[in-house]
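Chain by chain, the residues run as shown.
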Amino acid sequence: MDGVVAQGERPASLAERLDRLFKAVRPAGQREYTYEEVAARIREDGISISHTYVWQLRKGLRDNPTKRHLEGLAHFFGVPASYFLDDDNSGIEDQLELLVALRDSDVRSLALCASGLSPAGIKAVLGMIQHARSIEGLPPADDGES
């Protein structure tokens, strides 16, 4: 899930980006926010928007929101408004990927157990994880050192 657009690849659409936010940013109950919850919170900021319009944006049925709508959506989901416009969102995409991964209690436990280890200890744990991924036929994990 790289936010950088490779040559020949089209940038993510507004609908795809909004869908990614719905899937990654969730309330404590672990379910996606409803369209009404999103619209109501945006309206609290003084921006007129309906839950139907939010749904249409997510589904790609509407694709030309106002600057205020983009700002409201961005504020709600905790991303800069530029997330919807810029082709290079790799930093934000990395954070969203981490949010999704940390929903898994075992992944969260693994990260917490690694906290406090020396750099050499962390490198050893990462090596073991890469080896386990290889054994299970998974691609190498992107460790952020690209």
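- If you look the protein up in an unreviewed UniProt entry, it shows as Helix-turn-helix transcriptional regulator from Lentzea indica.

Here we look at the pattern of salt bridges
Link 1 in the chain: The final tally for this structure, using the stated rule, is six salt bridges.
Link 2 in the chain: The residue Asp19 makes a salt bridge to Lys23 at a minimum N-O spacing of 3.0 Å. Of this pair, Asp19 and Lys23 both sit in helix α1 (residues 14-24), separated by four residues, roughly a single helical turn.
Link 3 in the chain: Taking the relative accessible area as the measure of exposure, Lys23 reaches 40% and is therefore partly exposed.
Link 4 in the chain: Among the ionic pairs, Arg58 bridges to Glu32, the shortest N-O distance being 3.0 Å. Of this pair, Arg58 sits in helix α3 (residues 51-59) while Glu32 sits in the loop between α1 and α2 (35-44), placing them 26 residues apart in sequence.
Link 5 in the chain: Assessed through its relative accessible area of 9%, Arg58 is described here as buried.
Link 6 in the chain: One salt-bridge network, in which partners are shared between bridges, spans Asp19, Lys23, Glu32 and Arg58.

Thoughts on the packing of α2 against α3
Link 1 in the chain: Interhelical geometry of α2 versus α3 gives an angle of 115° and a closest axis separation of 8 Å. Pair α2 / α3 crosses with right-handed handedness. Side by side, α2 and α3 meet where Tyr35, Glu36, Val38, Ala39 and Arg43 of the first sit next to His51, Val54, Trp55, Arg58 and Lys59 of the second.
Link 2 in the chain: When the residues that make up the contact of α2 with α3 are grouped by side-chain class, the tally is five nonpolar, one polar and four charged.

About the thresholds
Residues numbered from 1 in each chain as written. Predicted model: local features only at pLDDT ≥ 70, side-chain atom pairs only at ≥ 80, totals over all residues. Heavy atoms only, no water. Salt bridge = Lys/Arg side-chain N within 4 Å of Asp/Glu carboxyl O. Helix = DSSP H or I, 4+ residues; strand = E, 2+ residues; numbered from the N terminus. Buried < 20%, exposed > 50% of the residue type's maximum accessible area, 1.4 Å probe, protein only. Axes fitted to C-alpha atoms, helices over the stretch in contact; angles between N-to-C directions. Left-handed = near helix turned anticlockwise from the far one by under 90°. Contact = heavy atoms within 4.5 Å. Nonpolar A, V, L, I, M, F, W, Y, C, P; charged D, E, K, R; others polar.

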